Amino acid sequence: MNYFEFDVTLQEVPGEISLCFSICGCPLKCDGCHSPFLFKKENGKELKEDTYQTILSRYRNYATCVLFMGGEWEKDELILRLQQARCLGYKTCLYTGLENVDIQLLNHLNWVKTGKWIPAKGGLDSVHTNQEFREVDTGKKMNSLFQKK
Ligand code: SF4
């Protein structure tokens, strides 16, 4: 599983400091995608075990969540990475363009963002968006946390 970028982010998961990995190989190819460099599986570099563990250890007392931007097409490896994150006390989140997420993946997630990028509808900060951000355990939709009052 290759990743293009690793960032520490504050906005993608409300109330959490997230270690965010953008995974290469997105098959959805949404019109107007902001990250077309994620289409090719071969882009970026391999998310190696030692690299991943080093990042998780380094940020353990600072960050609170591990967030994957895609990667559901590498289900077994993604589940492993989510398990490893939870073992170290991190919460977990997946951003996907799919409408529905495999139950086996959901079992390892605290939050999930679903829905393709449709420029005319906007992202989670738009009241017209098709995308949904949900807490997995309760199924509660939390889009309002992204929208300005
Ligand atoms: S799901 Fe995200 S990364 Fe994939 S094509 Fe759509 S906007 Fe781009």
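The preceding data block contains the structure.
In this text the structure is predicted, and so the values were computed from the model without any measurement.

Below, the discussion takes up the pattern of salt bridges. Two side chains of opposite charge can pair, provided their charged atoms sit close to one another. Tallied over the entire structure, the rule returns 7 salt bridges. For Glu16, the salt bridge goes to Lys91, with nearest N and O atoms at 3.0 Å. Taken together, the positions of Glu16 in the loop between β1 (2-9) and β2 (18-23) and Lys91 in strand β5 (residues 91-95) put the pair 75 residues apart, joining distant regions of the chain. A residue is classified by how much of its surface remains accessible, and Lys91, at 32% relative accessible area, is partly exposed. Salt bridges here are not isolated pairs; linked through shared partners, they connect Glu49, Glu77 and Arg81.

With that settled, the discussion passes to the sheet that holds β5. Sheet architecture is open: 7 strands sit in the order β3-β1-β2-β4-β5-β6-β7, paired in mixed fashion. Every interior strand has two partners, whereas the edge strands, β3 (45-46) and β7 (132-135), have only one. Seen against the sheet, helix α1 (residues 49-58) touches β1, β2 and β4 (65-69) and runs at an angle of roughly 155° to β2.

Taken together, Cys26, Leu28, Lys29, Cys30, Cys33, His34, Phe39, Gly97 and Trp117 make up all the residues around the ligand. Here the ligand occupies the largest pocket. Per-class residue counts for the shell around the ligand are 6 nonpolar, 2 polar and 1 charged.

Here the focus is the layout of surface pockets. Size it by volume and the largest pocket reaches roughly 870 Å³. The wall of the largest pocket is formed by 36 residues, among which His34, Met69, Tyr95, Lys113 and Gln131 lie closest to the centre. Residue assignment for the lining of the largest pocket shows that the elements contributing at least two residues are β1 and β2. Classifying every residue of the lining of the largest pocket by side-chain character gives 17 nonpolar, 11 polar and 8 charged.

Criteria and thresholds
Residues numbered from 1 in each chain as written. Predicted model: local features only at pLDDT ≥ 70, side-chain atom pairs only at ≥ 80, totals over all residues. Heavy atoms only, no water. Salt bridge = Lys/Arg side-chain N within 4 Å of Asp/Glu carboxyl O. Helix = DSSP H or I, 4+ residues; strand = E, 2+ residues; numbered from the N terminus. Buried < 20%, exposed > 50% of the residue type's maximum accessible area, 1.4 Å probe, protein only. Pairing = 2+ DSSP bridges. Contact = heavy atoms within 4.5 Å. Axes fitted to C-alpha atoms, helices over the stretch in contact; angles between N-to-C directions. Near = heavy atom within 4 Å. 1 Å grid on protein atoms, 1.4 Å probe; cavity = no way out; pocket = protein on both sides within 12 Å on 5 of 7 lines; lining within 4 Å. Sits in = over half its atoms within 2 Å of the grid points. Nonpolar A, V, L, I, M, F, W, Y, C, P; charged D, E, K, R; others polar. Points joined across faces, edges and corners; volume = space filled by probe spheres on them.

None of this, on its own, says anything about what the molecule does.
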